[in-house]
Amino acid sequence: MIRLPELLAPAGSPQALHSAIAAGADAVYLSGKRFGARKFAANFDHKAMTEAIDYAHLRGVKVYVTVNTLIREDELLDLAEYLVQLYDLGADAILLQDLGAASLARRLVPDLERHASTQMTIHNLPGALYAAQGSFNRVVLAREVTIEEIKRWGQKMEKAGLGLEAFVHGALCYSYSGQCLLSSAIGGRSGNRGMCAQPCRKPYVLMHGRKDEYGRPEGLQAVAQKESYIISTRDLCVYRHLDKIVRSPVQSLKIEGRMKSPQYVAIVTSIYRRALDAIARGSWSPSKEDERDLALAFNRDFTIGHLLGAKDVMGRGMSDNQGVLIGSVASYDPQRGEAAVRLCASLVPEKGDGLVFQSPGQEMGLVVQKAIEKDGLVRLRTPDRVRPGARVFLTGSIALSRRAEEIAARERASIPVNIRLTWEDGIPVAEGRLDSGELAVARGESRMGEAVNRPLTREQIESQMRKTGGTPFVARRVEMDYPGGLFSPPRALNQLRRDLLAGLEKALLERRRPPSDRIREAKDRLQKLELPARRAGEEWSRPKLSVYADRLDILKGAVDGGSRRIYFEPLMEKGRGYKDRKETILAQLLEAKELCGKAELIWKWPRITRDDFIDLALPLLSQVQVNGIMVENVGPAWAIKEKMPEMPIYGGSGLNVWNHLTAQALAPQFCWLTLSPELSSRQLAHTASALRALPGRDSTPQLELVVQGSLEVMVAEDCIPPLAQEKTDRERFWGLQDFKHIFPLRLDDWGRTHIFNSAETCLIDLMSNIFRIGLDSIAVDARGRTEKYAREMTEAYLRAVDVTAAGLPKGDGPLKEDLQELKERIRPLALGAITYGHFIKGLKDEIAKP
């Protein structure tokens, strides 16, 4: 018998929950009103959450609750209460992105399973091992991980006791999940807070030009592109290759779609359920009808994704529902306003269906009011003229909706119950027993009297007791010691049956919830929980200055400008082989060490570090004399500590440090941490203060903030075609232009596209605010720029630190003028406009507090 993986379906609303369960899901994932990464789904309040978990558990379905947003310092207590509440309700697991939230859950509710959300960006073997070491039970892998990698990891994952979960159907993100800040940068709606505005689905124009002496663009021109949706992906669908995934170590198959309709959930879940069951029987082959229905449910054109090694992940031609091609326009009658469509598929549009007509320069949608089929053609009235030859797509199917409603209406009755009836002094007593051992007893409300004319027969009584509709139970056997000759109104036996089944439900649910003493212990831990309070009136601290560089000339500029710490991320020529890359990195690091002199050289690893890079880089640790390694993901930190335990590790902003608990969780591996650019000054101060208030402050990481540079807002396993043609020319500028902005692009040595904010972060005039936060260091990001930019920007920020240190004790008046003067001096150096980012106002969902 084939071991089937779990089928995990989305439940963005109570209706979708019922659809998923009726369609055959083994588990569902859903969210409360807070802390879930789909803020705009319907989601579940406390009452609805209670009902949802009970409803699922009574039908043998697990419930995983998403608690996968990043958590602000002032939300930690609310989160703690919520975690205990979910434990009390009997949630089967929680999905987490924030490492601080994970450590809090481990402390308060250690029995509650923890799953590492895909937004934790686990994309390498050491990252998965780190999760196992951190007592996660499962990892939802980054969508970019391949099935071949999963197979290589399988044995180690089994040994570590870590389950692997992978997405198999639904929308794909352009960027690695958890590393996308584009929506946050554009409008303050952070994907890390469940508020993504999906800017990847917008049209963009590709721009290119030269760079000047500061790395700013000159002579920008649009690059002719056939397709406008440059960073829009297709939708994932592995249905045709499902048997291959079933044979892999993946333990859970995840369907994306908490923002999708209950109809979508019903259709997609039911198709995958039937396929899995057929695979288990050894009788499965892909069905064209099922593939068509999956496309009808919703698609942006399908891809098998990175999971199965697809080369066609991008769907740059469009970003909305593609539908299913059903024919083309044969002719158009302007008098009638009627198009004649020649069908190329078995689907015939009917009243209420949605259609889209597409031809060069024209796209028109309509809802069918009337369709007349004659002579192999379907005649349809259209609101506008359509061209002969236009392709016709079915984007909404009434027939499919009806089928979805039928699926959702099914009652998943799957729990057999054995019923035994006895009579005590004429009062009926019903006993119900489940195979799992639960027992319930119900007594009739009154004595059954002697029948005058028509006594109840055994068959009539059994028939009443078998009516379990609307419940998850099925009566397997009904036995009775019936004395005969008795009568009772039907409502009395109905009530007896309802009381019995209600008792069985209660017994079942109690078994699925934690024992009462464990719940009491969790609540006691919550009561005793102490979180550091923000301390008022603290003395300010003078931060050090670090500079990021990715070329030796930029590094030299930073050192010449006075920086005493360099984060160096060596660049290589694209297309080089493994051996050449290794030699190039080593040579650059050795030269960088010479250029740094007395300055610290920190070797910065890429934000995305797949296993091939880790295998390349680890052997070099013993060959170069660096002062530390900077990483932006937990995986490489784990690998470095295994290889060289004494190596200092610095954490980049990709780690998403939002609160002191995350810093604490990372403390065993990291000596320095970069705080998230999504935090406001108030939140930064709160986090820094909380960390300082902890006992053993010397053992907690030092804190840094990037105060100048182009914020990286996306990193993707995609190479935009024109960029791939570039060889080694670092003097070319590439960017994406929307209606208002140009977002700089860079292609790294591994063929990944990095997108940066259209405005450059600049906090130089807020240096007094930064001093008051109490940071240990600030950083200038000069990657992708020039030697001149690095030198002048370093000098300016060191001057700002000196000016602030001298002027702050005297008051902010003259100091503001000095800092403003420095700001105006460096403003022309910026790439595009300058911005405070979220430093002043915070994200859109931040509630101002005194």
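Residues numbered from 1 in each chain as written. Predicted model: local features only at pLDDT ≥ 70, side-chain atom pairs only at ≥ 80, totals over all residues. Heavy atoms only, no water.

**Some remarks on the overall build of the chain**
And then number 1: For the chain, the count of helices and strands is 24 helices and 39 strands.
And then number 2: Compactness check: the chain gives a C-alpha radius of gyration of 31 Å against a globular reference of 29 Å for 850 residues, within 12% of the reference.
And then number 3: Per-residue burial for the chain yields a buried fraction of 58% across its 850 residues.
And then number 4: For the chain, long-range pairs separated by at least 24 residues make up 73% of all intrachain contacts whose partners lie at least 6 apart in sequence.
And then number 5: Total accessible area on the chain stands at roughly 35100 Å², and carbon and sulfur atoms take up 48% of it.
And then number 6: Here the chain holds 120 positive side-chain charges and 109 negative ones, and the gap between their average locations is 2 Å. (Helix = DSSP H or I, 4+ residues; strand = E, 2+ residues; numbered from the N terminus. Rg over C-alpha atoms; globule rule 2.2 N^0.38 Å. Buried < 20%, exposed > 50% of the residue type's maximum accessible area, 1.4 Å probe, protein only. Contact = heavy atoms within 4.5 Å. Areas by Shrake-Rupley, 256 points an atom, 1.4 Å probe, with all protein chains shown as cover. Lys, Arg positive; Asp, Glu negative; His and termini not counted. Charge placed at Lys NZ, Arg CZ, Asp CG, Glu CD.)

**Re the packing of helix α2 (residues 46-57) against helix α3 (residues 76-89)**
And then number 1: In the contact formed by α2 and α3, the axes pass within 10 Å of each other and the chain directions differ by 35 degrees. Note that α2 runs across α3; the crossing there is right-handed. Residues His 46, Met 49, Thr 50 and Ile 53 of α2 form the contact with α3, whose participating residues are Tyr 82, Gln 85, Leu 86 and Leu 89.
And then number 2: By residue class, the composition of the contact of α2 with α3 is five nonpolar, three polar and no charged. (Axes fitted to C-alpha atoms, helices over the stretch in contact; angles between N-to-C directions. Left-handed = near helix turned anticlockwise from the far one by under 90°. Nonpolar A, V, L, I, M, F, W, Y, C, P; charged D, E, K, R; others polar.)

**Quick notes on the environment of Pro 514**
And then number 1: Along the chain, Pro 514 falls in the loop between α13 (490-512) and α14 (516-528).
And then number 2: For the pair Pro 514 and Pro 701, spaced 187 residues apart in sequence, the C-alpha separation works out to 36 Å.
And then number 3: Look past the residues within four positions of Pro 514 in its chain and what remains in contact with it is Tyr 87, Asp 88, Gly 90 and Ile 519.

**Here we look at the environment of Pro 489**
And then number 1: Relative to the helices and strands, Pro 489 is located in the loop between β25 (486-487) and α13.
And then number 2: Sequence-wise, Pro 489 and Met 448 are 41 residues apart; in three dimensions their C-alpha atoms are separated by 9.0 Å.

**A few points about the pairing of strand β18 (residues 377-381)**
And then number 1: One ladder, built from five bridges, connects strand β14 (residues 338-343) with β18; its direction is antiparallel. Each residue of the ladder has a partner; that of Ala 340, found in β18, is Arg 379.
And then number 2: When strand β17 (residues 371-374) meets β18, the two strands line up antiparallel, connected through four bridges. The partner of Glu 373 across the bridge, within β18, is Val 378.
And then number 3: A loop of two residues connects β17 with β18, the two strands running antiparallel in sequence, and Asp 375 in this loop sits at a positive phi of about 55 degrees. (Pairing = 2+ DSSP bridges.)

**Brief notes about the packing of aromatic side chains**
And then number 1: Applying the stated criterion to the full structure yields twelve aromatic pairs.
And then number 2: Relative to Trp 284, the ring of Tyr 239 lies with its centre 5.6 Å away and its plane at 85 degrees, an arrangement referred to as edge-to-face. Of the two residues, Tyr 239 sits in the loop between β10 (235-237) and α8 (242-246) while Trp 284 sits in the loop between α9 (262-281) and α10 (288-297), which places them 45 residues apart along the sequence.
And then number 3: Trp 284 gets classed as buried once you look at its relative accessible area, which sits at 17%.
And then number 4: Between Trp 423 and Tyr 482, the aromatic rings sit 5.1 Å apart at their centres with planes inclined by 45 degrees, giving tilted as the arrangement. Remark: Tyr 482 occurs in the loop between β24 (473-480) and β25 and Trp 423 occurs in strand β20 (residues 415-424); sequence separation between them is 59 residues.
And then number 5: On the accessibility criterion, Trp 423 (14% relative accessible area) is buried.
And then number 6: We classify Tyr 482 as buried; its relative accessible area is 12%.
And then number 7: Site record: aromatic cluster; members linked through ring pairs are Tyr 548, Tyr 567, Tyr 650 and Trp 672.
And then number 8: Above the plane of the ring of Trp 750 lies Arg 581, whose end atom (NZ or CZ) is 4.0 Å from the centre. (Phe/Tyr/Trp six-rings, centres within 6.5 Å; stacked < 30°, edge-to-face > 60°. Lys NZ or Arg CZ within 6 Å of the ring centre and 35° of its normal.)

**Points about the nonpolar core**
And then number 1: Grouped together as the largest cluster of nonpolar side chains are 223 residues, with contacts concentrated most on Tyr 272, Phe 357, Trp 603, Trp 605 and Tyr 797.
And then number 2: The element that contributes the greatest number of residues to this core is α9, accounting for eleven residues.
And then number 3: Counting residues in each nonpolar core, the second largest holds 27 residues, with Ile 415, Ala 430, Tyr 482 and Leu 496 among its members. (Core = buried A, V, L, I, M, F, W, Y, C linked by side-chain atoms within 4.5 Å.)

**Brief notes about the pairing of strand β1 (residues 6-10)**
And then number 1: Taking burial as the measure, the five residues of β1 include five buried ones, the bulk of the element.
And then number 2: Side-chain alternation along β1 places Glu 6, Leu 8 and Pro 10 on one buried face and Leu 7 and Ala 9 on a second face that is also buried.
And then number 3: Sheet topology note: the β1/strand β11 (residues 252-255) ladder contains three bridges and is parallel. For Leu 7, the partnering residue across the bridge sits in β11 and is Leu 253.
And then number 4: Handedness of the β1-helix α1 (residues 14-22)-strand β2 (residues 27-31) crossover: right-handed. (Right-handed = clockwise from strand over helix to strand, strands pointing away.)

**Topic: the pattern of salt bridges**
And then number 1: All told, the structure shown has 61 salt bridges when counted by the stated rule.
And then number 2: In this structure, Arg 72 and Asp 74 form a salt bridge, with 3.6 Å as the shortest nitrogen-oxygen distance. The exposure classification of Arg 72 matches that of Asp 74, with both residues buried.
And then number 3: A salt bridge links Arg 783 to Asp 781, with the nearest nitrogen and oxygen atoms 2.8 Å apart.
And then number 4: You can call Arg 783 buried: its relative accessible area is 12%. (Salt bridge = Lys/Arg side-chain N within 4 Å of Asp/Glu carboxyl O.)

**Describing the sheet that holds β18**
And then number 1: Ordered by their spatial adjacency, seven strands build an open sheet running β16-β15-β19-β13-β14-β18-β17, and the pairing between neighbours is antiparallel. Looking at strand neighbours, the two that pair on one side only are β16 (362-367) and β17, the edges of this open sheet. Between one strand axis and the next, the sheet turns by 30 degrees as a mean value, whatever way the strands run.

**Brief notes about the sheet that holds strand β21 (residues 427-434)**
And then number 1: Read across the sheet, four strands follow the order β22-β21-β20-β24 without closing on themselves; strand pairing throughout is mixed. Whereas interior strands pair on both sides, the edge strands pair on one side only; in this sheet they are β22 (439-443) and β24. The mean inter-strand angle of the sheet, taken between neighbouring strand axes irrespective of direction, is 25 degrees.
And then number 2: Where β20 and β24 come together, seven bridges link them in parallel fashion.

**Some details on the packing of α1 against α9**
And then number 1: Between α1 and α9, the least distance of the axes is 8 Å, while the angle of their chain directions is 15 degrees. When the axes of α1 and α9 are compared, the pair comes out roughly parallel. The handedness of the crossing between α1 and α9 comes out as right-handed. The segment α1 lies against α9, with Gln 15, Ala 16, Ser 19 and Ala 20 engaging Pro 262, Val 265, Ala 266 and Thr 269.
And then number 2: A per-class count over the contact of α1 with α9 returns five nonpolar, three polar and no charged. (Parallel < 35°, antiparallel > 145°, perpendicular 65-115°, else oblique.)

**Here we look at the state of the cysteines**
And then number 1: Taken as a whole and judged by the stated rule, the model has zero disulfides.
And then number 2: Cys 173 forms no disulfide, and the closest cysteine sulfur to it belongs to Cys 200, at a distance of 6.6 Å.
And then number 3: Overall, Cys 173 belongs to the partly exposed group, its relative accessible area being 38%.
And then number 4: Here Cys 671 stays unpaired: no disulfide links it, and the sulfur of Cys 596, its closest cysteine neighbor, is 16 Å away. (Disulfide = S-S within 2.5 Å.)

**Let's talk about helix α20 (residues 681-692)**
And then number 1: For α20, with twelve residues, the first-to-last C-alpha span of 16 Å sits near the 16 Å given by 1.5 Å per residue.
And then number 2: Of all twelve residues in α20, nine are buried, a share of seventy percent or more.
And then number 3: Here α20 has its buried residues at Gln 683, Leu 684, Ala 685, His 686, Thr 687, Ala 688, Ser 689, Ala 690 and Leu 691.
And then number 4: In this structure, the buried side of α20 is in contact with α19 (660-666), β32 (702-709) and α22 (767-773). (Expected span 1.5 Å × (residues − 1).)

**As for unusual backbone geometry**
And then number 1: Notably, Phe 35 is not glycine yet its phi reads approximately 70 degrees, a positive angle.
And then number 2: On the secondary structure map, Phe 35 appears in the loop between β2 and α2.
And then number 3: The phi torsion at Asn 656 lies on the positive side, around 55 degrees, for a residue other than glycine.
And then number 4: Inspection of the secondary structure puts Asn 656 in the loop between β30 (649-651) and α19.
And then number 5: Overall, Asn 656 belongs to the buried group, its relative accessible area being 9%.

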